[in-house]
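Residues per chain, in single letters:
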Amino acid sequence: MNGSELLAEILKKENIKFLSCFPSTALIESCAEINIKPIICRQERMGVAIADGISRSTGGKQIGVFAMQGGPGAENSFPGAAQSFADNVPVLLIPGGESLNKSFISPNFVSTNNYSNVTKWLAQVNDVNRLPQILKRAFYALKTGKPGPVLIEIPAEIWDQNLNELNYDPVKKNLVRPDQSETKEIADVIINAKNPVLYTGQGIMYSYAEEELLKFAELLNIPVMTTMPGKSSFPENHALSLGASAVSTTKMIHHFLNKSDVVIAIGTSLTRTPYGRDIPEGKTIIHSTNDPFDINKDYNADYGLIGDSKLVLQDLISCVNKKVNNFDKYNNKNIRQEIKEIKDEWLGEWQSKLHSDETPLNPYRIVNDLMNTVDLNNTIMTHDAGSPRDQIIPFWECTSPKSYIGWGKTTQLGYGLGVIMGAKLANPEKLCINIMGDAAIGMVGMDIETAVRNNIGILTIVLNNGAMAIERPSMPTSIEKYKAHSQGGNYKQVAEALGGWGTRVSKPEKIISALKEAISITESGKPALVEFITKENFDFSKYE
């Protein structure tokens, strides 16, 4: 087998079903020959996003792979890698490269030089005999520890070099468990806390620890908030749920995080970001992560627990059960009633927007009608950066694990379209929805044709207000003199021109019927787009 065939066989052994890609790379043909379906995108950034969506929506059980040509293909892919790196997503990137005899000749683009800051690990294959071992290291890095992109660069001559026999078994991951004495000490802190809060991230979902998180929260009656990437790790229709937080947040998170004395952060790096909720000063912080370099990075942790989230929670549950003889004082309903009262008060403040009959349409009415139309347990939701993210995060109620893909730390407009295509490929039985603004579809809308061509039945919702409304405060003179924020387009017609199905809605009484029709279209494998003509919105659920 030559290098291309070797690499394809390794991917098959690692249970890769789809190769997100853009020509020219020999790997496309080699994968197609052994029934790994190539998903050829319209731009490389979207190709990485498709791979990203496969990994996120499966908690890393399926690894998304993107292959691109060297030079311009690798250059165009960089933003996608940066997004996946910021959000800790395990994707395998396979760029082509210049011939080895052109090493260190400027200005050739060498991926292993240029991607070092946006990958967990990377390597160049300089001999076909090394390819199996390098791929074994790559998949080990993808499966073990803190997730992140891994890049393997294939120089031009490696594709055609031959190896007589492939010796490769799929990689098994390793899990880390904290020391028992540390767990006992931290269990005492939690048991004695007056107002603890669980602050959970996407590490819960990558370790498939949703059941343990629920059990632990219920054991001591602890309220649970999630980060943006961690949204759907805890059922938000549960009486202990405080919801999720990004730029916008819920009133429950604001109240209980401020009230807390002990914050138990599990499965999160606790990175300080505009797209997350800061922990107020004066709290005792327990930080559990599978990466020791997260501890004391942005917050001074009083206690650290290094380990896989599932194992950490299992040990805490076991330890608490041994230490607590009487759970009555933890099982009172006052905390749940307090959560309910604040939630009811908060939602009451937003009822006029969530049920608004105004035109142009209020985006909160669209989000609310959509949530009440779909089967939440069989839906995967994502969003774009900017206003759609901040309108959806607090109000969309997740009821099942991995039903929400929260992203946006590097805020690349349009990324959600690729992510939801990847989610649909990996979860064909689910309704997969992406909500984006008019600015975002302007960047990536041509990739609707990628979904059409590959029968990826996604639902895209475009909130079209004809402007970059969120930018008004930042450029008032430019807007007044030149209308610099204005954008236009009929995106329903764009979808139809690209082979998809589209409709345009401007009246509130038409929202639900349009959504139902679009959902039925996606069930046939055809992508559907619903364009809503909305007002400019400046109201967000924010609490400083």
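Heads up: the structure comes first, above all this text.
Residues numbered from 1 in each chain as written. Predicted model: local features only at pLDDT ≥ 70, side-chain atom pairs only at ≥ 80, totals over all residues. Heavy atoms only, no water.

Caption draft 1: Representation of the overall build of the chain. Per the secondary structure count, the chain includes 20 helices and 18 strands. A compact globule built from 544 residues would reach a C-alpha radius of gyration of about 24 Å, and the chain, at 24 Å, matches this within 12%. Taken across its 544 residues, the chain has 60% of its residues classed as buried. Within the chain, counting contacts between residues at least 6 apart in sequence, those at least 24 apart form 74% of the total. Of the roughly 21400 Å² of accessible surface on the chain, a fraction of 47% belongs to carbon and sulfur atoms. Each charge class in the chain was averaged separately, 55 positive and 61 negative side chains, and the resulting centres sit 3 Å apart. (Helix = DSSP H or I, 4+ residues; strand = E, 2+ residues; numbered from the N terminus. Rg over C-alpha atoms; globule rule 2.2 N^0.38 Å. Buried < 20%, exposed > 50% of the residue type's maximum accessible area, 1.4 Å probe, protein only. Contact = heavy atoms within 4.5 Å. Areas by Shrake-Rupley, 256 points an atom, 1.4 Å probe, with all protein chains shown as cover. Lys, Arg positive; Asp, Glu negative; His and termini not counted. Charge placed at Lys NZ, Arg CZ, Asp CG, Glu CD.)

Caption draft 2: The arrangement of the pattern of salt bridges in detail. Under the defined criterion, the tally for this structure stands at 26 salt bridges. Ionic pairing is found between lysine 102 and glutamate 98, a salt bridge with its closest N-O pair at 3.9 Å. In this structure, lysine 310 and glutamate 212 form a salt bridge, with 3.1 Å as the shortest nitrogen-oxygen distance. With lysine 310 in helix H11 (residues 309-323) and glutamate 212 in helix H9 (residues 210-220), the pair connects residues that are 98 residues apart, well separated along the chain. (Salt bridge = Lys/Arg side-chain N within 4 Å of Asp/Glu carboxyl O.)

Caption draft 3: Expanded view of the packing of aromatic side chains. Enumeration over the complete set of coordinates arrives at 8 aromatic pairs. Ring centres of phenylalanine 109 and tyrosine 115 lie 6.4 Å apart, and the angle between their planes is 85 degrees; on these two criteria the pair is classed as edge-to-face. Residues phenylalanine 109 and tyrosine 115 agree in their burial class; the two are buried. Between tyrosine 364 and phenylalanine 395, the ring centres sit 5.4 Å apart and the planes meet at 80 degrees, which makes this aromatic pair edge-to-face. Taken as a pair, tyrosine 364 in helix H13 (residues 363-371) and phenylalanine 395 in the loop between helix H14 (387-392) and strand E14 (404-405) lie far apart in primary sequence, 31 residues in all. The pair tyrosine 364 / phenylalanine 395 is uniform in exposure class, with both members buried. Aromatic rings pair up to connect Trp346, Trp350, Tyr364 and Phe395 into one cluster. We note lysine 231 situated over the ring of tyrosine 404; from NZ or CZ to the ring centre the distance is 5.2 Å. (Phe/Tyr/Trp six-rings, centres within 6.5 Å; stacked < 30°, edge-to-face > 60°. Lys NZ or Arg CZ within 6 Å of the ring centre and 35° of its normal.)

Caption draft 4: Structural context of the nonpolar core. Core analysis: the biggest nonpolar cluster contains 56 residues, and Ile190, Leu198, Phe216 and Val320 have the highest contact counts within it. Excluding its chain neighbours within four sequence positions, the residues that come into contact with leucine 198 are Leu213, Phe216, Ala217, Ile222, Pro223, Val224, Met225, Ile264 and Ile266. By size, the runner-up hydrophobic cluster in this structure holds 48 residues, among which are Val89, Ile380, Ile420 and Met436. (Core = buried A, V, L, I, M, F, W, Y, C linked by side-chain atoms within 4.5 Å.)

Caption draft 5: Just helix H20 (residues 511-522), in detail. Over its 12 residues, H20 runs 17 Å from end to end, which matches the ideal 16 Å to within 8%, given 1.5 Å per residue. Three or more residues of H20 are buried, namely Ile511, Ala514, Leu515, Ala518, Ile519 and Thr522. Buried residues of H20, seen end-on, are gathered within an arc of 135 degrees and therefore sit on one face of the element. On the buried face of H20, the contacting elements are H13, strand E15 (431-437), strand E16 (459-464), strand E17 (501-505) and strand E18 (528-533). (Expected span 1.5 Å × (residues − 1). Arc of directions from axis to C-beta.)

Caption draft 6: Local environment of the packing of helix H10 (residues 251-259) against helix H12 (residues 334-354). Two numbers describe how H10 lies on H12: the axes approach to 8 Å, and their chain directions differ by 140 degrees. When the axes of H10 and H12 are compared, the pair comes out oblique. Of the residues in H12, those in contact with Lys251, Met252, His255, Phe256 and Lys259 of H10 are Ile335, Glu338, Ile339, Ile342, Lys343, Glu345, Trp346 and Glu349. Across the contact of H10 with H12, the residue classes tally to 6 nonpolar, 1 polar and 6 charged. (Axes fitted to C-alpha atoms, helices over the stretch in contact; angles between N-to-C directions. Parallel < 35°, antiparallel > 145°, perpendicular 65-115°, else oblique. Nonpolar A, V, L, I, M, F, W, Y, C, P; charged D, E, K, R; others polar.)

Caption draft 7: Structural context of the sheet that holds strand E7 (residues 196-200). Within the open sheet, the 6 strands sit side by side as E9-E8-E7-E10-E11-E12. Their pairing is parallel. Two strands bound the open sheet, and with one partner strand each, they are strand E9 (241-244) and strand E12 (303-306). For this sheet, the mean inter-axis angle between neighbouring strands, taken without regard to orientation, is 15 degrees. Bridge analysis of strand E11 (residues 284-289) against E12 gives 4 bridges, and the strand direction is parallel. Among the inter-strand pairings, isoleucine 286 is bridged to a residue of E12, identified as tyrosine 303. (Pairing = 2+ DSSP bridges.)

Caption draft 8: How the structure looks around helix H3 (residues 44-57). For H3, built from 14 residues, the straight-helix expectation of 20 Å at 1.5 Å per residue is met to within 8% by its first-to-last C-alpha distance of 20 Å. Counted residue by residue, H3 has 14 buried out of 14 residues, so it is predominantly covered. Residue glycine 59 follows H3 closely and has a positive phi angle near 60 degrees.

Caption draft 9: Up close: the packing of H13 against H20. Where H13 contacts H20, the two axes come as close as 10 Å, and the packing angle between them is 50 degrees. Taken together, H13 and H20 sit at an angle that is classed as oblique. Crossing of H13 against H20: the hand is right-handed. Where H13 approaches H20, its residues Arg365, Ile366, Asp369 and Leu370 are matched on the opposing element by Ile511, Ile512 and Leu515. (Left-handed = near helix turned anticlockwise from the far one by under 90°.)

Caption draft 10: How the structure looks around the sheet that holds E17. The 6 strands are arranged E14-E13-E15-E16-E18-E17 in an open sheet whose pairing can be described as parallel. Edge positions in the sheet fall to E14 and E17, since each of these pairs with one other strand and no more. As paired elements, E17 and E18 share 5 bridges and run parallel to each other. Within the sheet, the bridge partner assigned to tryptophan 501 lies in E18 and is alanine 528.

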